[in-house]
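Close look at the chain arrangement
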Amino acid sequence: MSVLPLVFTSGWASGINAYAVVLLLGVFGATGLSDDVPETLQRPEVLIAAGVLFLCEAVADKIPYVDSAWDSVHTVVRPAAGAWIGAVLAGQSGSLSDVTAGLLGGSTALASHAVKAGTRMAVNSSPEPFSNVIVSLAEDLGVAGIVTFAMFHPGAAAAIAGALLLAGLTVLVFLVSRIRRFLRRRAQRREERRLARLPWPPPPG
């Protein structure tokens with residue numbers, strides 16, 4: 001069976017939470033629930049690193065504005081992780097070239113990361129903090145559910161991931177005004193912090 005649907009789904013999920021994808025795939029392989037997971041993802045050091053980073057993201061992702069800073073740092077990390085996971089999955093399967101799988105996984109991860117980061121900017125334009133927690137939990141549960149489903153029904157999971165990606169991109173278009181509001185507020189806070197560091201009153205002359 002072609003590994004293409006699993007590469008696409010793992011790429012979509014990596015754009016939201018790459019560490020969760022690595023951790024889930026590694027656990028599925030290490031426990032023998034799936035024979036499609038490469039040995040690279042099952043190595044103890046990989047699982048430990050993914051687990052620690054997943055816990056860090058689980059905390060950072062639920063704090064207003066910290067989540068957007070975390071997203072900014074991961075603009076490169078998530079697409080790179082999606083490309084890497086796609087390449088190793090293709091290497092295990094042999095039904096798809098590593099380069100093609102890497103490009104597919106990386107580009108899909110970049111698209112879903114854009115949806116996640118943009119949505120978080122829109123959420124952060126709201127003054128209350130609870131929406132961040134709700135959105136973060138929904139993302140974590142969605143990634144866990146889709147990746148788990150993909151291990152047993154890759155085609156159906158890829159269709160769901162594709163539909164969610166299209167829906168997310170569509171919603172993102174309608175959130176542009178809220179994202180701009182978030183960016184203006186962030187720029188204003190930076191300016192306020194800069195002014196607060198200036199000596200006052202200003203030195204004479």
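What you see is a predicted model, and the numbers here were worked out from it, not measured in a lab.

Reading guide: rules and limits
- Residues numbered from 1 in each chain as written.
- Predicted model: local features only at pLDDT ≥ 70, side-chain atom pairs only at ≥ 80, totals over all residues.
- Heavy atoms only, no water.
- Helix = DSSP H or I, 4+ residues; strand = E, 2+ residues; numbered from the N terminus.
- Buried < 20%, exposed > 50% of the residue type's maximum accessible area, 1.4 Å probe, protein only.
- Contact = heavy atoms within 4.5 Å.
- Salt bridge = Lys/Arg side-chain N within 4 Å of Asp/Glu carboxyl O.
- Expected span 1.5 Å × (residues − 1).
- Bend = angle between axes of the 7 residues up to and from the residue.
- Polar contact = N/O pair within 3.5 Å; in protein donor to acceptor, adjacent residues only side chain to side chain.
- Phe/Tyr/Trp six-rings, centres within 6.5 Å; stacked < 30°, edge-to-face > 60°.
- Patch = residues over 30% accessible without salt bridge, like charges linked within 9 Å, V, L, I, M, F, W, Y side chains within 5 Å.
- Areas by Shrake-Rupley, 256 points an atom, 1.4 Å probe, with all protein chains shown as cover.
- pLDDT = per-residue confidence, 0-100.

Turning our attention to the overall build of the protein. Broken down by element type, the protein carries 8 helices and 0 strands. When the 205 residues of the protein are sorted by exposure, 43% land in the buried category. If you take every contact in the protein between residues at least 6 apart in sequence, the share linking residues at least 24 apart comes to 74%.

This part is about unusual backbone geometry. Not every positive phi belongs to a glycine, and Y65 is a case in point at roughly 75°. Considering the arrangement of structural elements, one finds Y65 in the loop between α3 (44-60) and α4 (66-93).

Next up on the list: the pattern of salt bridges. Summed over all chains, the structure comprises 9 salt bridges. The shortest N-O distance in the salt bridge between E139 and K116 comes to 2.6 Å. Here the residue E139 occupies a position in helix α6 (residues 130-152), and K116 occupies one in helix α5 (residues 98-124), the gap between them amounting to 23 residues. By relative accessible area, which is 14% here, E139 ends up buried. One connected set of salt bridges, linked through shared partners, spans D61, D67, K116, R120 and E139.

Bringing α4 into the picture now. Along an α-helix, residues three or four positions apart point the same way, because every turn accommodates 3.6 residues. The terminal C-alpha atoms of α4 lie 38 Å apart, and with 28 residues this matches the ideal 40 Å at 1.5 Å per residue to within 8%. When the local axis directions of α4 are compared, the greatest deviation, roughly 55°, occurs at H74. Phi turns positive, to about 80°, at G94, one or two residues after α4.

Moving on, we come to the side chain of T108. Along the chain, T108 turns up in helix α5. One polar contact links the side chain of T108 to the main-chain carbonyl oxygen of L104, over a distance of 2.7 Å. If we ignore the near neighbours within four places in the chain, the residues touching T108 are F8, G11, W12 and L165.

Our next topic: the packing of aromatic side chains. Using the criterion set out here, one finds 1 aromatic pair in the structure. Considering the side-chain rings of F28 and F152, the 6.3 Å spacing of their centres and the 90° angle between planes classify their relative orientation as edge-to-face. Taken together, the residues span a long stretch of sequence, with F28 in helix α1 (residues 4-30) and F152 in helix α6 at a distance of 124 residues. By relative accessible area, F28 is classed as buried at 10%.

Bringing the side chain of K116 into the picture now. Classification of K116 as buried rests on a relative accessible area of 3%. If sequence neighbours within four positions are ignored, K116 has contacts with G15, I16, D61, D71, R78 and E139.

Once that is clear, we can look at a nonpolar patch on the surface. Together, V59, I63 and V66 line one region of the surface with nonpolar side chains, adding up to about 230 Å² of accessible area. Within the secondary structure, V59 is located in helix α3. Residue classification places V59 among the exposed residues on the basis of a relative accessible area of 53%.

What follows deals with the confidence of the model for the protein. Chain-level statistics for the protein give a pLDDT mean of 88 and a share of 95% at 70 or above. Mean pLDDT across the elements of the protein bottoms out in helix α8 (residues 176-197) (73) and peaks in α1 (96).

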